[in-house]
Amino acid sequence: MASKSEILIVGGGVAGLALATRLGKSLGRHGKARITLVDKSFSHVWKPMLHCFAAGTVLNENDRISFISQASSHHFEFWPGEVVSVDRDKREVVLSPLHASDGTKVLESRTLTYDAIVLAVGSCANDFGTPGVKENCLFIDNLIEANAFNEKFRMEILKSFANSSQLDIAIVGGGATGTQLAAELHKSLEIVDPVSLHAFGKKPPKLRVTLLQSGPRILPAFPESVSVAAQQELERLGVNVCTSSRVASADATGFTLKDGTHVNATLRVWAAGVKAPDVTKAYGGLSLNKSGQILVKPNLSSVDDDRIFAMGDCSFITDEPLPATAQVARQQAHHLAQHLPAWLEHGKNVPSCIFHNKGAIVALGNYNGWAALPGGTVLGGGIMHGLSARLGHIMLYRKHQIELFGYYRGLASILADWIEGIIRPPVRLD
Ligand SMILES: Cc1cc2nc3c(=O)[nH]c(=O)nc-3n(C[C@H](O)[C@H](O)[C@H](O)COP(=O)(O)OP(=O)(O)OC[C@H]3O[C@@H](n4cnc5c(N)ncnc54)[C@H](O)[C@@H]3O)c2cc1C
């Protein structure tokens, strides 16, 4: 082993940035190892908030964390780029050339070496090859896509204002993403209501959101009582919830279901399924499941190579598969942060990562929310309008910010968001 070990982390999302920050503090700071983070983007966002960015109910300027700034204050290196191949014999990864937005080449293809590599490239929605989806649907798997959706949403609302017409949006996928997005879109228009009376002399157009779920109930990962209550809440808002509705194809006018029904939609969102980014196929021939996720042992090392680890949404534990959630990603990052140093320094085995289920939270905008705790208890809903569950959802994000920034900067950032909320409109208008 080289005197200074090199740990390469690919993907700075919920799992990757937490790991880089922790290893930077424990190893990088004392010169014990060189920690390098590679991400195809320049900044980190808390992915569970993407539906809020898409609806414009949370502005994303303050909610991005610059990788360069985080690296410089937490003793790790950062390189922008996309890992396009891994040579396991030479222990090298190749980064694709980096281009500016106008297409100019900024950086040539680069090669980085490693003693250990941790893959944390996340996931994206899975269209299961459904005809027409790629060409006709919007996705909200990253900040660029969430912003692109928001731009289209605002423009379509403007068109509906001008034509006094209804705006039809169809969302495929009744999991947490689709369900929360449906509620957040209603919240967005509700906020625009008083603004629009002054700005356009009109109330906002009618919004008709249809939520298409192939299974018999929405939020299948939650207890049935939450699915029922969430469906009632969405229907109260005016969302058309269609369960047992499998999509056969998409086109520029909407979706066609397997039973032949056509659902008209000006904006079509695909928020169903989970698969790893296609690039995992280029990672040195590692074994993958059919969704492209890297097969790992319970200690998160690849089943093919003990020097390659994978965590978060892009990984799949063969013995005991876990859901693709932020909670799993964070716990796996903490596990590797704790055990990788001893593995590198003293050759101690990385033990199995035991997942502790702390429950799941879903928040339907400001309207309602539920927390399903281990043991079957459900909190939220009812006359409190799910305040505890909605606060829980916000707290998860704030905890993540404090973990990355440290206590004082984390609190300052919460304060900045609060002040920003007083200055700026509560919904994105431009
Ligand atoms: C709208 C929405 C709402 C959600 N709500 C919840 C929720 O309420 N609760 C919950 O627990 N989970 C929720 N999730 C799921 C949760 O966000 C993910 O499980 C979690 O982000 C996974 O973390 P990760 O680190 O594996 O991947 P991510 O956080 O997705 O990070 C992946 C990183 O890899 C980078 N990357 C990708 N490809 C490459 C490449 N080729 N080269 C270099 N870098 C690359 C990306 O830029 C990104 O920074 C939600 C997801 C969505 C989309």
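Keep in mind the model is a prediction, meaning the values are calculated, not measured.

Asks: What is the right way to look at the pattern of salt bridges in this model?
Replies: One pass over the full model with this rule turns up 17 salt bridges. The shortest N-O distance in the salt bridge between Glu233 and Arg236 comes to 2.5 Å. With a gap of 3 residues between them, Glu233 and Arg236 both fall in helix H7 (residues 224–237), about one helical turn apart. For Glu233, a relative accessible area of 9% corresponds to the buried category. Given a relative accessible area of 57%, Arg236 falls into the exposed group. Here Asp278 makes a salt bridge to Lys281, at a shortest N to O gap of 3.7 Å. Given the relative accessible area of 49%, Asp278 is considered partly exposed. Salt bridges linked by common partners bring Glu6, Arg34 and Glu77 together as one network.

Asks: What is the right way to read the sheet that holds strand E11 (residues 116–119) from this model?
Replies: The strands that make up a sheet are held in pairs by hydrogen bonds between backbone atoms, and each pair lies either parallel or antiparallel. The 5 strands are arranged E5-E2-E1-E11-E20 in an open sheet whose pairing can be described as parallel. Of all the strands in the sheet, just strand E5 (77–80) and strand E20 (308–310) have a single pairing partner and so form its edges. Taking each pair of neighbouring strands and ignoring which way they run, the sheet shows an average axis angle of 20°. Two strands pair when backbone bridges link them, and strand E1 (residues 5–10) and strand E2 (residues 33–39) are joined in this way by 6 bridges, in the parallel orientation. Residue Ile7 lies in a different strand from E2, and its bridge partner there is Ile35. Lying on the sheet, helix H1 (residues 14–26) is in contact with E1, E2 and E11; it crosses E2 at an angle near 160°.

Asks: Just to check I follow, could you spell out the pairing of strand E18 (residues 267–270) for this structure?
Replies: The two faces of a sheet get side chains in turn, since along a regular strand they alternate between them. Where burial is concerned, the two faces of E18 agree: the one with Leu267 and Val269 and the one with Arg268 and Trp270 are both buried. The sheet contact formed by strand E12 (residues 167–172) and E18 spans 4 bridges and is parallel. Bridging from a neighbouring strand, Ala170 pairs with Arg268 of E18.

Asks: What should I look at first to understand the layout of surface pockets in this one?
Replies: A probe as big as a water molecule, rolled over the atoms, marks out the empty space that is left. Counted as a void, the second largest pocket has a volume near 920 Å³. For the lining of the second largest pocket, the elements supplying multiple residues, two or more each, are helix H2 (50–55), helix H6 (176–199), helix H9 (387–405) and helix H10 (407–423). Tallying contributions element by element places H9 first for the lining of the second largest pocket, with 6 residues. Here the residues of the lining of the second largest pocket sort into 15 nonpolar, 7 polar and 9 charged.

Asks: Explain a nonpolar patch on the surface here, please?
Replies: On the surface, Leu415, Trp418, Ile419, Ile422 and Ile423 cluster together into a nonpolar patch covering about 580 Å² of accessible area. Along the polypeptide, Leu415 turns up in helix H10.

Asks: Explain the environment of His30 to me, please; I cannot follow it from the model alone.
Replies: For His30, the position within the fold is in the loop between H1 and E2. Relative accessible area serves as the criterion here: at 51%, His30 is assigned to the exposed category. In the structure, His30 is positioned 50 residues away from Pro80 in sequence and 24 Å away in space, judged by C-alpha atoms.

Cut-offs used in this document
Residues numbered from 1 in each chain as written. Predicted model: local features only at pLDDT ≥ 70, side-chain atom pairs only at ≥ 80, totals over all residues. Heavy atoms only, no water. Salt bridge = Lys/Arg side-chain N within 4 Å of Asp/Glu carboxyl O. Helix = DSSP H or I, 4+ residues; strand = E, 2+ residues; numbered from the N terminus. Buried < 20%, exposed > 50% of the residue type's maximum accessible area, 1.4 Å probe, protein only. Pairing = 2+ DSSP bridges. Axes fitted to C-alpha atoms, helices over the stretch in contact; angles between N-to-C directions. Contact = heavy atoms within 4.5 Å. 1 Å grid on protein atoms, 1.4 Å probe; cavity = no way out; pocket = protein on both sides within 12 Å on 5 of 7 lines; lining within 4 Å. Points joined across faces, edges and corners; volume = space filled by probe spheres on them. Nonpolar A, V, L, I, M, F, W, Y, C, P; charged D, E, K, R; others polar. Patch = residues over 30% accessible without salt bridge, like charges linked within 9 Å, V, L, I, M, F, W, Y side chains within 5 Å. Areas by Shrake-Rupley, 256 points an atom, 1.4 Å probe, with all protein chains shown as cover.

The values are spatial; any link to function lies outside them.
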